[in-house]
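Close look at the chain arrangement
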Amino acid sequence: MVRNIEIKARIESVESLQPVAAEIADEGPIEITQDDTFFACPNGRLKLRAFSEHDGQLIFYQRPDSAGPKESFYVISPISSPDTLRQALSLAYGEIGRVRKHCTLFLAGRTRIHLDKVDELGDFLELEVVLAEGEPNEAGVSVAHELLEKLGISPHQLVEEAYVDLLAKLPNKPILSPISAGR
């Protein structure tokens, strides 16, 4: 499995942070629309990411919910029929949530800088520092902290939960169980 160090923060607006991210980045901006569906999974998280009707990814990952930089293990499998796979996985495992967002992606060395506009939640920054095989987590954590400082992100802005968990906490938002979601 591939590993990275991830960190997420709530930001005032994508627009206000975009010039700073562009100055730090080697590549970007790359505009991406994502529709992520999460399924019941006892060993981590399983999500189907649809970019379009014929382009998507099935992603399995494991990472702790904590506010600071955290290690994430993941496997990504490209797919060509997100809608039918979503239907099959929903029936088999149960859908636990759905996250729709627009991501402005920048690449800074080995780090992916995501400026996310998440439907119903607002604007966020997410950093993903890719680790080399056998590289200690501390190396990625150091890069993440350096980028947070350059981007002007303070510790009180850091977010522990995944977007799907934040959406589930919204008032009047039903929490789907694997059993009810599959029906």
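Refer to the preceding data block for the structure.
Not measured: the values here are computed from a predicted model. (Residues numbered from 1 in each chain as written. Predicted model: local features only at pLDDT ≥ 70, side-chain atom pairs only at ≥ 80, totals over all residues. Heavy atoms only, no water.)

A word on the packing of aromatic side chains. According to the stated counting rule, one finds one aromatic pair in the structure shown. Sitting over the ring of Tyr 163, Lys 8 keeps its end group 4.0 Å from the ring centre. (Phe/Tyr/Trp six-rings, centres within 6.5 Å; stacked < 30°, edge-to-face > 60°. Lys NZ or Arg CZ within 6 Å of the ring centre and 35° of its normal.)

To continue, consider the pattern of salt bridges. Within this structure, the stated rule accounts for 16 salt bridges. The shortest N-O distance in the salt bridge between Arg 45 and Asp 165 comes to 2.5 Å. A residue pair is termed long-range when its members are at least 10 positions apart, and Arg 45 in strand 3 (residues 45-52) and Asp 165 in helix 4 (residues 163-168) qualify at 120 residues. The exposure class of Arg 45 is buried, given its relative accessible area of 17%. (Salt bridge = Lys/Arg side-chain N within 4 Å of Asp/Glu carboxyl O. Helix = DSSP H or I, 4+ residues; strand = E, 2+ residues; numbered from the N terminus. Buried < 20%, exposed > 50% of the residue type's maximum accessible area, 1.4 Å probe, protein only.)

Looking now at empty space enclosed by the protein. Enumeration over the complete set of coordinates arrives at one cavity of 30 Å³ or more. The calculated volume of the largest cavity comes to roughly 40 Å³. Every residue lining the largest cavity is listed: Glu 6, Ile 7, Lys 8, Arg 63, Lys 70, Glu 126, Val 159, Glu 160 and Glu 161. It is strand 1 (residues 2-10) that contributes the most residues to the lining of the largest cavity, three residues altogether. Considered class by class, the residues forming the lining of the largest cavity number two nonpolar, no polar and seven charged. (1 Å grid on protein atoms, 1.4 Å probe; cavity = no way out; pocket = protein on both sides within 12 Å on 5 of 7 lines; lining within 4 Å. Points joined across faces, edges and corners; volume = space filled by probe spheres on them. Nonpolar A, V, L, I, M, F, W, Y, C, P; charged D, E, K, R; others polar.)

This part is about the pairing of strand 3. In terms of burial, strand 3 is a largely internal element, six of the eight residues being buried. The turn linking strand 2 (residues 27-39) back onto strand 3 is made up of five residues, and Gly 44 within it adopts a positive phi angle of 155°. In this sheet, strand 4 (residues 55-62) lies alongside strand 3 in antiparallel orientation, the contact comprising seven bridges. By the bridge assignment, Ala 50 is partnered in strand 4 with Gly 56. Once strand 3 ends, the chain turns through two residues before running back antiparallel as strand 4. (Pairing = 2+ DSSP bridges.)

Our next topic: the environment of Thr 111. Its location among the elements puts Thr 111 in strand 7 (residues 111-118). Not counting the four nearest positions on each side in its chain, Thr 111 is found in contact with Phe 106, Leu 127, Glu 128, Val 129, Val 143 and Leu 147. (Contact = heavy atoms within 4.5 Å.)

Purely geometric numbers; function is a separate question.
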